[in-house]
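# A closer look at the structure
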Amino acid sequence: MATKVLVPRLGEGVDEVTVTKWLKQVGDTINELEPLLEVNTDKVDTEIPAPASGVILRIDMQEGQAAKVGELLAIIGVAGEAVDSVTPAQKPASSQLPITNLQSPITNHAPRNTDLGFISPVVAKIAAEHGVDLSQVSGTGMSGRITKNDVLAFVESGKKTTDYRPQTVVSRPSSVVTPVAGDQLIKHSTMRKSIAHHMVESKHTSPHVLTVMEADMSRVAKHRAANKAAFERDGVNLTFTAYFMTAIVAGLKAYPIVNSSWSDEGVLVHKNINLGMATSLGEEGLIVPVIKGADNHSLLAMARSVNDLAARARSKKLQPDEVRGGTFTLTNHGISGSLFAFPVINQPQCGILGIGAMQKRVIVVDDAIAIRPMVYMSFVFDHRILDGASADWFLAKVKETLENWS
């Protein structure tokens, strides 16, 4: 029986993927749930498993090609089976063998005859980690959707599981080709192409304006030194990034217009504060995981989220949903020694805040010379939404929050 492999929905709002690598070729034998190909969305690569065992009869999407959710990727069946007439929009005639659809990374099995429907990345991840056969799990969500709690309850029950272990990875480094002339051509990876596209698009979309202020980090440094050990006992590394993110929340609460996006009808001010955190992946590029609902985070919760997202970004374990939906972005370019920079706005956000390297500098405090740990804060904003004064008010609030930390 032939099986169509369709592009699954990898998360809410993810409507298109790019095929990055086929792990099997036409004629190869594959087992059910064995990784078949890798696809990319929002700079995150995800393995798509085979929905059935058999032979790869046809591949319909080539590497580098974009494909929408529901489009045909490949066909798996019995060697020699005729499938040339099968197209993404055409079902086989009744005289042909039936073809089943892959609706999610974890597919249907005999114990359950109904369609699994949408399986969220979180549910798929938990199921994979525990070897859960989702066809045996009863869904309690809307329209019978399987939730995280459903999977966890199934695991606790100790019922039969599978051995499947899918993996989610971030794009690999660019490959290097050496032409005859001796120069090296570094071929663009999917991630590098995505970065280039978004950066050029951003510059073409909004007028970028830069404003810079300097912040005295003395109180933050003192607070961190006094609380770092306590945070470590809770398994959290208290980094300066958590302070910057918390200060940004204070600024966005004081000036909600900064937590917005431009539209032709008006400025869309976002209710939720979802902070993106630019994370370097070395030569591979960078990725921006998002802390959702950051305005509800204590310093401890913020630090824990920063630790978790940064670690999973670098270990290539982010899910597509975790790099979407940001309303403002922080980039800590000072990690590499940069004092200040002119970051590019992460569209469709209103602005991005760059933090430079912390340095002890001589400043004047109450008409006296003092040595303090200082950082430059570079705020780049969309001039369609903010003017210089309103941008400075926001940045001044961030500065005030850091300098008066208690």
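Look above for the structure.
First, a word on scope: everything that follows refers to the structure included in this document.

Cut-off values and rules
Residues take numbers from 1 onward in each chain, read along the sequence in its written order. Reporting in this predicted model follows two pLDDT cut-offs: at least 70 for local features of residues, and 80 or more for side-chain atom pairs to be given and counted; totals over whole chains, interfaces and linings ignore these cut-offs and use all residues. To obtain the side-chain values, all non-hydrogen atoms of the structure were included, while hydrogens and water were left out. Secondary structure elements follow DSSP: runs of H or I no shorter than four residues count as helices, runs of E no shorter than two count as strands, and numbering proceeds from the N terminus. When accessible area is computed with a 1.4 Å probe and restricted to protein chains, residues below 20% of their type maximum are described as buried, those above 50% as exposed, and intermediate ones as partly exposed. The contact criterion used throughout is that any non-hydrogen atoms of two residues lie within 4.5 Å. We call a set of buried residues a nonpolar core when its members are Ala, Val, Leu, Ile, Met, Phe, Trp, Tyr or Cys and they connect through side-chain atoms within 4.5 Å of each other. Here, a salt bridge means any side-chain nitrogen of Lys or Arg that lies within 4 Å of a carboxyl oxygen of Asp or Glu.

The general pattern is negative phi for most residues beyond glycine and trans for most peptide bonds. Residue Pro348 follows Gln347 across a cis peptide bond; omega there is 5 degrees. Note that Pro348 resides in the loop between strand 19 (328-331) and strand 20 (351-355). At Leu33, a position not held by glycine, the phi torsion is positive, near 75 degrees. Relative accessible area serves as the criterion here: at 10%, Leu33 is assigned to the buried category. In this structure, Asp366 takes a positive phi of about 50 degrees despite not being glycine. Positionally, Asp366 belongs in the loop between strand 21 (359-365) and strand 22 (368-382).

Attention now goes to the environment of Gly351. You can see Gly351 is positioned in strand 20. With a relative accessible area of 0%, Gly351 lands in the buried category. In sequence terms Gly351 and Thr329 are 22 residues apart; their C-alpha atoms lie 7.1 Å from each other. Among residues more than four places away in sequence, those in contact with Gly351 are Phe328, Thr329, Ile345, Phe379, Val380 and Phe381.

This part covers the nonpolar core. If you look at the biggest cluster of nonpolar residues, it comprises 52 residues, and the most contacted ones within it are Leu275, Phe328, Leu353, Met377, Phe379 and Leu402. The dominant element in this core, judged by the number of residues it contributes, is helix 5 (residues 240-254), at 8 residues.

This part covers the side chain of Ser378. Position of Ser378 relative to the elements: it lies in strand 22. Among residues more than four places away in sequence, those in contact with Ser378 are Leu210, Thr211, Val212, His333, Phe340, Ala341, Pro343, Ile352, Leu353 and Gly354.

Within this structure, the stated rule accounts for 11 salt bridges. The residue Arg361 makes a salt bridge to Glu214 at a minimum N-O spacing of 2.8 Å. Here the residue Arg361 occupies a position in strand 21, and Glu214 occupies one in strand 13 (residues 208-216), the gap between them amounting to 147 residues. Overall, the relative accessible area of 25% leaves Glu214 in the partly exposed class. Among the salt bridges present, the one from Glu403 reaches Lys399, with a minimum N-O distance of 2.9 Å. Here Lys399 and Glu403 lie together in helix 7 (residues 388-403), a separation of 4 residues that amounts to about one turn. For Glu403, a relative accessible area of 23% translates into the label partly exposed.

All we've got here are geometric facts, nothing functional implied.
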